[in-house]
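For reference, the chains in residue letters:
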Amino acid sequence: MEATIEVTGLRKRFGATLALDGMSFTVQPGQVTGFVGPNGAGKTTTMRVILGLDAPDAGRALIDGRPYPKLQRPLSRIGALLDAAALQPGRTGRNHLLWLAHSQGLSGRRVDEVLEQAGLASAARRKAGGYSLGMRQRLGIAAAMLGDPPVLILDEPFNGMDPEGIVWMRGFLRSLAAEGRAVLVSSHLMSELQDTADHLVVAGRGKVIADATVADLIAAASGDRVLLRTSGRTEAMTVLAHAGATVAATGRDTLTISGLPAERVVALLSEAGVPFSEVSAHRASLEEAYMELTRDAVEFRARPAEEAAQ
(Lines give C-alpha, C1' and ligand atoms only; values in the text may rest on other atoms or scores of the structure.)
Protein backbone atom coordinates (compact mmCIF):
# COMPACT_ATOMS: atom_id res chain seq x y z
CA MET A 1 0.00 0.00 0.00
CA GLU A 2 2.71 2.53 0.93
CA ALA A 3 3.77 4.95 -1.80
CA THR A 4 4.92 8.57 -1.99
CA ILE A 5 4.67 11.62 -4.21
CA GLU A 6 8.08 13.19 -4.85
CA VAL A 7 8.22 16.64 -6.43
CA THR A 8 11.75 17.83 -7.20
CA GLY A 9 12.82 21.15 -8.68
CA LEU A 10 9.75 21.72 -10.86
CA ARG A 11 9.96 24.72 -13.15
CA LYS A 12 7.23 25.70 -15.58
CA ARG A 13 6.66 28.83 -17.61
CA PHE A 14 3.53 29.80 -19.53
CA GLY A 15 4.66 32.57 -21.86
CA ALA A 16 5.84 35.46 -19.70
CA THR A 17 4.43 33.88 -16.53
CA LEU A 18 6.70 31.75 -14.35
CA ALA A 19 4.24 29.34 -12.75
CA LEU A 20 6.76 27.06 -11.00
CA ASP A 21 10.17 28.14 -9.80
CA GLY A 22 11.85 25.11 -8.25
CA MET A 23 8.86 23.54 -6.48
CA SER A 24 10.05 20.63 -4.29
CA PHE A 25 8.32 18.55 -1.60
CA THR A 26 7.41 14.98 -0.67
CA VAL A 27 4.02 13.58 0.33
CA GLN A 28 4.58 10.72 2.76
CA PRO A 29 2.34 7.69 3.25
CA GLY A 30 0.16 7.52 6.32
CA GLN A 31 -0.63 11.22 6.52
CA VAL A 32 -2.78 13.95 5.05
CA THR A 33 -0.60 16.69 3.56
CA GLY A 34 -2.27 20.04 3.01
CA PHE A 35 -1.12 21.96 -0.06
CA VAL A 36 -1.88 25.65 0.36
CA GLY A 37 -0.92 29.04 -0.97
CA PRO A 38 -2.38 32.23 -2.45
CA ASN A 39 -3.90 32.32 -5.93
CA GLY A 40 -1.05 32.11 -8.43
CA ALA A 41 1.21 30.18 -6.05
CA GLY A 42 1.55 27.24 -8.46
CA LYS A 43 -0.61 24.65 -6.70
CA THR A 44 -2.79 23.71 -9.66
CA THR A 45 0.15 23.58 -12.07
CA THR A 46 2.05 21.34 -9.66
CA MET A 47 -0.86 18.92 -9.39
CA ARG A 48 -1.28 18.87 -13.17
CA VAL A 49 2.42 18.06 -13.59
CA ILE A 50 2.18 15.24 -11.05
CA LEU A 51 -0.75 13.80 -13.03
CA GLY A 52 0.98 14.12 -16.40
CA LEU A 53 -1.40 16.82 -17.65
CA ASP A 54 1.36 19.40 -18.02
CA ALA A 55 5.02 18.77 -18.83
CA PRO A 56 7.57 20.65 -16.69
CA ASP A 57 10.36 22.68 -18.24
CA ALA A 58 12.68 21.23 -15.58
CA GLY A 59 12.48 18.95 -12.57
CA ARG A 60 10.35 15.87 -12.07
CA ALA A 61 7.33 14.52 -10.24
CA LEU A 62 7.25 10.85 -9.26
CA ILE A 63 4.51 8.60 -7.90
CA ASP A 64 5.97 5.63 -6.11
CA GLY A 65 9.25 6.29 -7.95
CA ARG A 66 7.74 6.66 -11.44
CA PRO A 67 6.37 9.54 -13.53
CA TYR A 68 2.64 9.29 -14.20
CA PRO A 69 2.98 8.29 -17.91
CA LYS A 70 5.05 5.26 -16.88
CA LEU A 71 2.41 3.90 -14.50
CA GLN A 72 0.58 0.75 -15.51
CA ARG A 73 -3.13 0.91 -14.68
CA PRO A 74 -2.67 4.40 -13.19
CA LEU A 75 -6.00 4.41 -11.30
CA SER A 76 -4.59 1.63 -9.13
CA ARG A 77 -1.56 3.78 -8.24
CA ILE A 78 -3.03 7.27 -7.87
CA GLY A 79 -6.54 8.69 -7.65
CA ALA A 80 -7.28 12.34 -8.27
CA LEU A 81 -10.05 14.91 -8.06
CA LEU A 82 -9.13 18.16 -9.80
CA ASP A 83 -12.49 19.33 -11.15
CA ALA A 84 -15.79 18.07 -9.80
CA ALA A 85 -17.56 19.42 -12.90
CA ALA A 86 -15.58 17.15 -15.26
CA LEU A 87 -18.38 14.74 -16.05
CA GLN A 88 -20.98 14.00 -18.71
CA PRO A 89 -24.18 15.48 -17.26
CA GLY A 90 -26.42 13.12 -19.20
CA ARG A 91 -24.90 10.03 -17.59
CA THR A 92 -26.00 8.66 -14.25
CA GLY A 93 -23.49 8.78 -11.44
CA ARG A 94 -23.05 5.00 -11.71
CA ASN A 95 -22.52 5.06 -15.47
CA HIS A 96 -19.98 7.85 -15.12
CA LEU A 97 -17.96 5.57 -12.87
CA LEU A 98 -18.57 2.47 -14.98
CA TRP A 99 -16.81 3.83 -18.04
CA LEU A 100 -13.85 4.84 -15.90
CA ALA A 101 -13.81 1.41 -14.28
CA HIS A 102 -13.97 -0.45 -17.59
CA SER A 103 -11.02 1.56 -18.92
CA GLN A 104 -8.92 0.10 -16.09
CA GLY A 105 -10.33 -3.42 -16.09
CA LEU A 106 -12.32 -2.82 -12.90
CA SER A 107 -15.70 -4.40 -12.19
CA GLY A 108 -19.18 -3.02 -11.66
CA ARG A 109 -18.97 -4.40 -8.13
CA ARG A 110 -16.10 -2.01 -7.42
CA VAL A 111 -18.21 0.87 -8.75
CA ASP A 112 -20.97 0.02 -6.29
CA GLU A 113 -18.44 -0.21 -3.45
CA VAL A 114 -17.06 3.29 -4.01
CA LEU A 115 -20.55 4.74 -4.47
CA GLU A 116 -21.45 3.34 -1.07
CA GLN A 117 -18.17 4.60 0.40
CA ALA A 118 -18.86 8.11 -0.89
CA GLY A 119 -22.44 8.12 0.37
CA LEU A 120 -23.96 8.18 -3.12
CA ALA A 121 -25.60 4.75 -3.32
CA SER A 122 -29.11 6.20 -3.19
CA ALA A 123 -28.33 8.71 -5.96
CA ALA A 124 -26.31 6.36 -8.17
CA ARG A 125 -28.95 6.08 -10.91
CA ARG A 126 -29.73 9.79 -11.09
CA LYS A 127 -28.20 11.87 -13.88
CA ALA A 128 -25.01 13.51 -12.66
CA GLY A 129 -26.02 16.80 -14.28
CA GLY A 130 -28.64 17.17 -11.55
CA TYR A 131 -26.19 16.64 -8.71
CA SER A 132 -25.39 19.49 -6.33
CA LEU A 133 -21.76 20.63 -6.09
CA GLY A 134 -21.34 18.64 -2.88
CA MET A 135 -22.68 15.49 -4.58
CA ARG A 136 -20.35 16.07 -7.54
CA GLN A 137 -17.47 16.28 -5.08
CA ARG A 138 -18.52 12.93 -3.64
CA LEU A 139 -18.74 11.46 -7.16
CA GLY A 140 -15.23 12.75 -7.85
CA ILE A 141 -14.01 11.14 -4.63
CA ALA A 142 -15.65 7.86 -5.69
CA ALA A 143 -13.87 8.06 -9.06
CA ALA A 144 -10.53 8.71 -7.33
CA MET A 145 -11.04 5.63 -5.15
CA LEU A 146 -11.99 3.24 -7.99
CA GLY A 147 -8.57 1.61 -8.22
CA ASP A 148 -8.06 1.54 -4.43
CA PRO A 149 -4.87 3.60 -4.92
CA PRO A 150 -2.17 4.18 -2.32
CA VAL A 151 -1.86 7.85 -3.37
CA LEU A 152 -4.60 10.49 -3.67
CA ILE A 153 -4.62 14.10 -4.88
CA LEU A 154 -7.73 16.11 -4.07
CA ASP A 155 -8.17 19.74 -5.10
CA GLU A 156 -10.56 21.74 -2.89
CA PRO A 157 -12.60 18.69 -1.79
CA PHE A 158 -14.53 20.70 0.84
CA ASN A 159 -16.03 23.07 -1.78
CA GLY A 160 -19.80 22.87 -1.92
CA MET A 161 -20.07 20.52 1.04
CA ASP A 162 -22.83 21.07 3.58
CA PRO A 163 -21.94 20.72 7.29
CA GLU A 164 -22.67 16.99 7.26
CA GLY A 165 -20.51 16.60 4.16
CA ILE A 166 -17.63 18.54 5.72
CA VAL A 167 -17.69 16.31 8.80
CA TRP A 168 -17.77 13.25 6.54
CA MET A 169 -14.87 14.55 4.43
CA ARG A 170 -12.69 15.21 7.49
CA GLY A 171 -13.21 11.68 8.77
CA PHE A 172 -12.80 10.17 5.32
CA LEU A 173 -9.45 11.87 4.70
CA ARG A 174 -8.14 10.86 8.11
CA SER A 175 -9.26 7.26 7.50
CA LEU A 176 -7.39 7.17 4.18
CA ALA A 177 -4.18 8.26 5.89
CA ALA A 178 -4.75 5.74 8.69
CA GLU A 179 -4.79 3.03 6.02
CA GLY A 180 -1.28 4.06 4.99
CA ARG A 181 -2.16 6.14 1.93
CA ALA A 182 -0.35 9.33 0.91
CA VAL A 183 -3.02 12.03 0.64
CA LEU A 184 -2.37 15.48 -0.86
CA VAL A 185 -5.21 17.96 -0.29
CA SER A 186 -5.27 21.44 -1.78
CA SER A 187 -7.61 23.82 0.03
CA HIS A 188 -8.16 27.46 0.92
CA LEU A 189 -10.05 26.45 4.08
CA MET A 190 -7.41 26.57 6.81
CA SER A 191 -9.93 25.68 9.50
CA GLU A 192 -10.66 22.36 7.79
CA LEU A 193 -6.99 21.56 7.24
CA GLN A 194 -6.22 22.37 10.88
CA ASP A 195 -8.66 19.63 11.87
CA THR A 196 -7.59 17.20 9.13
CA ALA A 197 -3.99 17.56 7.93
CA ASP A 198 -0.87 16.23 9.63
CA HIS A 199 1.57 18.14 7.43
CA LEU A 200 1.43 21.35 5.42
CA VAL A 201 3.25 22.45 2.28
CA VAL A 202 2.87 26.21 1.79
CA ALA A 203 3.54 27.50 -1.71
CA GLY A 204 4.17 31.04 -2.86
CA ARG A 205 5.25 32.42 -6.23
CA GLY A 206 5.99 28.98 -7.65
CA LYS A 207 8.11 27.59 -4.83
CA VAL A 208 7.76 26.09 -1.35
CA ILE A 209 7.97 28.65 1.44
CA ALA A 210 7.17 26.27 4.31
CA ASP A 211 7.13 22.48 4.67
CA ALA A 212 6.37 21.34 8.22
CA THR A 213 3.88 19.62 10.47
CA VAL A 214 0.71 21.54 11.27
CA ALA A 215 1.64 21.42 14.96
CA ASP A 216 5.05 23.00 14.30
CA LEU A 217 3.59 25.77 12.13
CA ILE A 218 1.02 26.66 14.79
CA ALA A 219 3.66 26.58 17.53
CA ALA A 220 5.92 28.92 15.55
CA ALA A 221 3.05 31.35 14.93
CA SER A 222 2.02 31.22 18.58
CA GLY A 223 5.47 32.35 19.72
CA ASP A 224 5.89 33.05 23.43
CA ARG A 225 2.77 35.18 23.78
CA VAL A 226 0.62 34.94 26.91
CA LEU A 227 -3.01 36.03 27.23
CA LEU A 228 -3.93 37.77 30.50
CA ARG A 229 -7.44 38.64 31.64
CA THR A 230 -7.47 41.09 34.54
CA SER A 231 -9.65 43.79 36.12
CA GLY A 232 -6.44 45.66 37.04
CA ARG A 233 -5.20 46.26 33.52
CA THR A 234 -3.14 49.37 34.21
CA GLU A 235 -1.45 47.88 37.28
CA ALA A 236 -0.70 44.66 35.43
CA MET A 237 0.85 46.53 32.50
CA THR A 238 3.11 48.44 34.87
CA VAL A 239 4.27 45.35 36.80
CA LEU A 240 4.94 43.27 33.69
CA ALA A 241 6.66 46.05 31.75
CA HIS A 242 9.02 46.63 34.70
CA ALA A 243 9.87 42.92 34.52
CA GLY A 244 10.95 43.31 30.90
CA ALA A 245 7.82 42.08 29.11
CA THR A 246 6.26 43.63 26.04
CA VAL A 247 2.60 44.25 26.87
CA ALA A 248 -0.26 45.17 24.56
CA ALA A 249 -3.84 45.91 25.52
CA THR A 250 -6.11 43.79 23.31
CA GLY A 251 -9.40 44.43 25.07
CA ARG A 252 -11.02 46.20 28.02
CA ASP A 253 -9.76 43.53 30.41
CA THR A 254 -7.26 41.58 28.30
CA LEU A 255 -3.55 41.93 27.66
CA THR A 256 -1.18 40.08 25.35
CA ILE A 257 2.28 39.62 26.83
CA SER A 258 5.55 38.68 25.12
CA GLY A 259 8.87 38.00 26.76
CA LEU A 260 7.68 36.23 29.91
CA PRO A 261 6.38 32.69 30.37
CA ALA A 262 2.90 32.21 31.83
CA GLU A 263 4.32 30.90 35.13
CA ARG A 264 6.39 34.07 35.61
CA VAL A 265 3.39 36.29 34.80
CA VAL A 266 1.35 34.52 37.49
CA ALA A 267 4.13 34.90 40.05
CA LEU A 268 4.67 38.61 39.36
CA LEU A 269 0.98 39.49 39.50
CA SER A 270 0.46 37.47 42.67
CA GLU A 271 3.39 39.17 44.38
CA ALA A 272 2.07 42.61 43.39
CA GLY A 273 -1.50 41.79 44.43
CA VAL A 274 -2.90 42.41 40.95
CA PRO A 275 -6.15 40.48 40.40
CA PHE A 276 -6.48 38.24 37.33
CA SER A 277 -8.93 35.59 36.16
CA GLU A 278 -6.99 33.99 33.29
CA VAL A 279 -3.38 33.47 32.27
CA SER A 280 -2.86 31.21 29.27
CA ALA A 281 -0.31 30.61 26.56
CA HIS A 282 -1.54 31.99 23.24
CA ARG A 283 -2.23 29.32 20.61
CA ALA A 284 -2.42 30.66 17.09
CA SER A 285 -4.77 29.20 14.50
CA LEU A 286 -3.50 27.62 11.30
CA GLU A 287 -5.03 30.56 9.47
CA GLU A 288 -2.84 32.99 11.47
CA ALA A 289 0.24 30.89 10.69
CA TYR A 290 -0.69 30.78 6.99
CA MET A 291 -1.29 34.53 6.76
CA GLU A 292 2.06 35.25 8.37
CA LEU A 293 3.89 32.88 6.02
CA THR A 294 2.26 34.13 2.82
CA ARG A 295 2.01 37.87 3.45
CA ASP A 296 4.79 38.55 0.91
CA ALA A 297 3.55 35.98 -1.62
CA VAL A 298 0.05 37.33 -2.32
CA GLU A 299 -0.36 38.07 -6.02
CA PHE A 300 -3.21 40.56 -5.66
CA ARG A 301 -3.79 42.60 -2.52
CA ALA A 302 -6.77 44.94 -2.12
CA ARG A 303 -6.18 48.29 -0.47
CA PRO A 304 -7.96 48.99 2.82
CA ALA A 305 -11.34 50.68 2.33
CA GLU A 306 -10.20 53.93 3.88
CA GLU A 307 -7.27 54.16 1.41
CA ALA A 308 -9.44 53.26 -1.58
CA ALA A 309 -11.90 56.01 -0.65
CA GLN A 310 -9.26 58.72 -0.75
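Analysis parameters
- Residues numbered from 1 in each chain as written.
- Predicted model: local features only at pLDDT ≥ 70, side-chain atom pairs only at ≥ 80, totals over all residues.
- Heavy atoms only, no water.
- Helix = DSSP H or I, 4+ residues; strand = E, 2+ residues; numbered from the N terminus.
- Buried < 20%, exposed > 50% of the residue type's maximum accessible area, 1.4 Å probe, protein only.
- Areas by Shrake-Rupley, 256 points an atom, 1.4 Å probe, with all protein chains shown as cover.
- Lys, Arg positive; Asp, Glu negative; His and termini not counted.
- Charge placed at Lys NZ, Arg CZ, Asp CG, Glu CD.
- Contact = heavy atoms within 4.5 Å.
- Axes fitted to C-alpha atoms, helices over the stretch in contact; angles between N-to-C directions.
- Parallel < 35°, antiparallel > 145°, perpendicular 65-115°, else oblique.
- Left-handed = near helix turned anticlockwise from the far one by under 90°.

**Points about the overall build of the chain**
Logical step 1: Per the secondary structure count, the chain includes eleven helices and 13 strands.
Logical step 2: Projected onto its principal axes, the C-alpha positions of the chain cover 75 × 45 × 45 Å.
Logical step 3: Here the chain holds 310 residues, and the buried ones make up 46% of them.
Logical step 4: Of the accessible surface of the chain, which amounts to about 15,100 Å², a share of 49% is contributed by carbon and sulfur atoms.
Logical step 5: Of the charged side chains in the chain, 33 are positive and 34 negative, and the gap between their average positions amounts to 8 Å.

**Some thoughts on the environment of V266**
Logical step 1: Mapped onto the secondary structure, V266 falls in helix α9 (residues 262-272).
Logical step 2: Judged by relative accessible area, which is 31%, V266 ranks as partly exposed.
Logical step 3: C-alpha of V266 to C-alpha of F276: the two residues are ten residues apart in sequence and 8.7 Å apart in space.
Logical step 4: Beyond its immediate chain neighbours, meaning those up to four positions away, V266 contacts F276 and V279.

**Considerations on the environment of A215**
Logical step 1: By secondary structure assignment, the location of A215 is in helix α7 (residues 214-222).
Logical step 2: Put simply, A215 and L200 are 15 residues apart on the chain and 9.5 Å apart in space, counted from C-alpha to C-alpha.

**Quick look at the packing of helix α8 (residues 233-242) against α9**
Logical step 1: It is the contact of α8 with α9, at a shortest axis distance of 10 Å, that shows an interaxial angle of 120 degrees. With respect to their mutual orientation, α8 and α9 come out oblique. Judged by the sense of rotation from one axis to the other, the crossing of α8 with α9 is right-handed. Residues A236, V239 and L240 of α8 form the contact with α9, whose participating residues are V265, L268, L269 and A272.

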